[in-house]
Amino acid sequence: MLSVHASLRPRCYIISCHSQYSTVYDPHEKTFDKILIANRGEIACRVIKTCKKMGIKTVAVHSDVDSSAVHVKMADEAFCVGPAPTSKSYLNMDTIMEAIRQTGAQAVHPGYGFLSENKEFARRLAADGVSFIGPDTHAIQAMGDKIESKLIAKAAKVNTIPGFDGVVKVRVALLLHLSESLGSARGCTSDLLTVCESCSSEAADKSRTYILYYNCVCVFIQVLADKHGNALWLNERECSIQRRNQKVVEEAPSTFLDPVTRRAMGEQAVSLAKAVKYSSAGTVEFLVDSKKNFYFLEMNTRLQVEHPITECITGLDLVQQMIRVAKGYKLQHKQEDIPINGWAIESRVYAEDPYKSFGLPSIGRLSQYEEPLNLPGVRVDSGIQEGSDISIYYDPMISKLVTYGSTRAEALKKMEDALDNYVIRGVTHNIPLLREIIVHPRFISGDISTNFLPEVYPEGFKGHPLAAGEQRELLAAAAALHVAAQLRSQRFLGQQRVSSVPQERRNWELCVELDKGVHMLGGIKLNLNTGLSLCCKTQNLLLLSKLAASLNKLMPEKIPEDTSSILRSPMPGTVVAVSVKPGDTVAEGQEICVIEAMKMQNSMTAAKTAKVKSVHCTAGETVGEGDLLVELE
């Protein structure tokens, strides 16, 4: 049994698929008999795992397309809450409340996203006598409004970003003036209007837009508080590697913080939590400038996606702590019990094409899927399996890949090995980008900021640039694999088939197209008894025989499409809005339509000033990648 103020022996061992925490799961500590998880995917699976360890039965909710999802299979009970669109299923409070009543769940864990920071949902649960495994409605409301939260933070002596604290109506002149007065850098004012219009469209209150400048190191402080006035800070997470304001790679601790800054940030985070009487796990986000001045950004009143790296370096199971707090127990530890032990890194593996804007969604079925759990120090939080479908309706995350080591260098090496051993087929994924990030000299040195990706890849991500030696190895490996496949195709149950290829053939002449270059490989001899090892860093090759290559030259060349006059969907999704009609004149850069997929909106703009010839889509229509949307004259 763990004493009230027991010191932690933090570890994050990975044995098979189970994370081993130093946390003790006391079977005599009564919490809840049954918990409903109002979420899906990997976070639902993550919550279910801890509930099983605590002896708590679980209820999964699901949409009709998720009826065979992993989280549904893991739970003790399942309840369908509606069709695929989130507004009719995972955001449908009425149906979820009915699921709670029918299953007799005593508490609800909301995960993250969906209803996790919805004060109305928390209020309805409280009215029905059901525990919300999260903070109360006051804290959710106070921290949910960016302007109100900043004022509360100021009153709690928390450093806040200097500048305008009021509500901004989106007007170009005012935005540019405020941006310049706040010291915007690196060209961020050029996209400011578009960003603010997007923020306003997504905000619940369309009239409230909050301005800040955002070119710093992004550091999150994990806090944990109970209902008895106790609160702790559980160190930080470095979350600066982002695209479209969504994190891609995170680590704990941060390379940027020293012990003095870390403590100051932690103490201010706890002050804010106490100021709003916070109870549960939460995260206080700070921006840190080059001089290590730090400023409050916002507080997330929920469990965050990247919580596993905090669990690795502290040994705490945050889901278990949230459940204990929701039941009314006091925290088990004091601040001095919370250590930093080792280093943890998380890569978010997405079904995305990293060569398009650092990642546009990809859909499809996972025809082959193998997680690298055979490697030491690796944790994979996922909610999918081989055969699972990645659809347009939900977040494109495949998994959270976490590696843990005694040092940062060890954790990075384990991450490199884990990414190389991850097998994903059937959808395009972002592993090539993740791997390039973690081996980049700037990342290794800790020279990172929220502008890392656009600065390192100003023309967009193009893949791994092959050195001369790597190119030779790749060409040789591709040729050897091609020849081996040809020879294998001649065999049936170990016997030679009748083949047009001479059985005694041992020399091959091949043509390999790589990076728009053509390489002739002649006199290839293959020793089938010799093994071949290749670390392929995502290169596309076309391999042909000498005859096929000569014939290929006679094929008519496909004329490139005039993309300035034709607008096609860059991803599968739903048309949210169409802003033009035939006969309209549009200016270069003007928004024509908006495509939404997997919680992401993509504004499609005109490539030139022209008249609209035809419109091939309507709002609410589902489109595929490459579908024609609009034609210009």
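The residue numbering used here restarts from 1 in each chain and proceeds along that chain's sequence as written. Thresholds applied to this predicted model are a pLDDT of at least 70 for local features of residues and 80 or more for the giving and counting of side-chain atom pairs; totals over whole chains, interfaces and linings are not thresholded and use all residues. The side-chain figures draw on all heavy atoms in the structure; neither hydrogens nor water molecules are used.

A. Geometry of the packing of helix H12 (residues 408–421) against helix H13 (residues 431–439). Interhelical geometry of H12 versus H13 gives an angle of 160 degrees and a closest axis separation of 10 Å. As judged from the angle between their axes, H12 and H13 are roughly antiparallel. In the packing of H12 onto H13, the handedness of the crossing is left-handed. Mapping the contact onto sequence places Leu412, Met415, Glu416, Leu419 and Asp420 in H12 and Ile431, Leu434, Arg435, Ile438 and Val439 in H13. Each residue belonging to the contact of H12 with H13 can be placed in one class, and the counts come to seven nonpolar, no polar and three charged. What counts as an axis is a line fitted to C-alpha atoms, over the stretch in contact for a helix, and the angles between N-to-C directions run from 0 to 180 degrees. Helix and strand assignments follow DSSP, with helices taken as H or I runs no shorter than four residues and strands as E runs no shorter than two, numbered in order from the N terminus. We call two directions roughly parallel when the angle between them is under 35 degrees, roughly antiparallel when it is over 145, roughly perpendicular when it lies between 65 and 115, and oblique otherwise. Note on convention: the crossing is left-handed when the near helix lies turned anticlockwise from the far helix by less than a right angle, right-handed when the turn is clockwise. What makes two residues a contact is simply this: any of their non-hydrogen atoms within 4.5 Å. Only Asp, Glu, Lys and Arg are considered charged in this grouping, and only Ala, Val, Leu, Ile, Met, Phe, Trp, Tyr, Cys and Pro are considered nonpolar; every other residue, Gly among them, is considered polar.

B. View of helix H11 (residues 318–327). Burial runs high along H11: nine of the 10 residues are buried. Any residue under 20% of the maximum accessible area for its type is buried, any over 50% is exposed, and the rest in between are partly exposed; the area is computed with a 1.4 Å probe on protein chains only. Buried within H11 we find Leu318, Val319, Gln320, Gln321, Met322, Ile323, Arg324, Val325 and Ala326. Any pair of N or O atoms that falls within 3.5 Å is considered a polar contact. Within protein, one atom must be able to donate a hydrogen and the other to accept it, and sequence-neighbouring residues count only if both atoms are side-chain atoms. The backbone nitrogen of Val319 has a side-chain oxygen 3.1 Å away, supplied by the residue at the start of H11, namely Asp317.

C. Summary view of the side chain of Ser614. Positionally, Ser614 belongs in strand E32 (residues 610–615). A residue is classified by how much of its surface remains accessible, and Ser614, at 18% relative accessible area, is buried. Engagement of the side chain of Ser614 in a polar contact is seen with the side chain of His616, the distance being 2.9 Å. Of the polar contacts made by the side chain of Ser614, one reaches the side chain of Glu631; its length is 2.9 Å. With near-sequence residues (within four places) excluded, Ser614 lies in contact with Pro582, Val630 and Glu631.

D. Representation of empty space enclosed by the protein. Cavity means a closed set of points on a 1 Å grid over the protein atoms alone, one where a 1.4 Å probe fits but cannot get out, pocket means an open set with protein on both sides within 12 Å along at least 5 of 7 lines, and lining means a residue has an atom within 4 Å of a point. Grid points are joined across faces, edges and corners, and a volume is the space filled by probe spheres set on the points. The tally for this structure, following the rule as stated, stands at three cavities of 30 Å³ or more. Reported here for the second largest cavity is a volume of approximately 50 Å³. Along the wall of the second largest cavity there are 10 residues; nearest its centre are Gln246, Glu352, Pro396, Met598 and Met600. Its residues assigned to classes, the lining of the second largest cavity comprises four nonpolar, one polar and five charged.

E. Broad picture of the sheet that holds E32. On the basis of which strands lie adjacent, the open sheet formed by four strands has the order E27-E34-E32-E29 and antiparallel pairing. Only two strands of the sheet have a single neighbouring strand rather than two, namely strand E27 (566–568) and strand E29 (585–586). As judged from the two bridges shared by E29 and E32, these two strands associate in the antiparallel manner. Residue Thr585 lies in a different strand from E32, and its bridge partner there is Lys611. In short, DSSP must find at least two bridges between two strands for them to pair.

F. Region of the structure containing the environment of Ser565. Considering the arrangement of structural elements, one finds Ser565 in the loop between helix H17 (546–552) and E27. Sequence separation between Ser565 and Val612 is 47 residues; the distance between their C-alpha atoms is 9.1 Å. Not counting chain neighbours up to four residues away, the residues in contact with Ser565 comprise Lys608, Val630, Glu631, Leu632 and Glu633. In this structure the side chain of Ser565 is engaged in a polar contact, spanning 3.0 Å, whose partner is the side chain of Asp562.

G. Representation of unusual backbone geometry. The step from Ala252 to Pro253 runs through a cis peptide bond, and the omega angle for that step is 0 degrees. Phi is positive for Arg244, which is not a glycine, with a value near 50 degrees. Structurally, the position occupied by Arg244 is in the loop between strand E9 (231–243) and strand E10 (246–252). With a relative accessible area of 33%, Arg244 lands in the partly exposed category. One non-glycine residue, Lys292, lies in positive phi territory at about 65 degrees.

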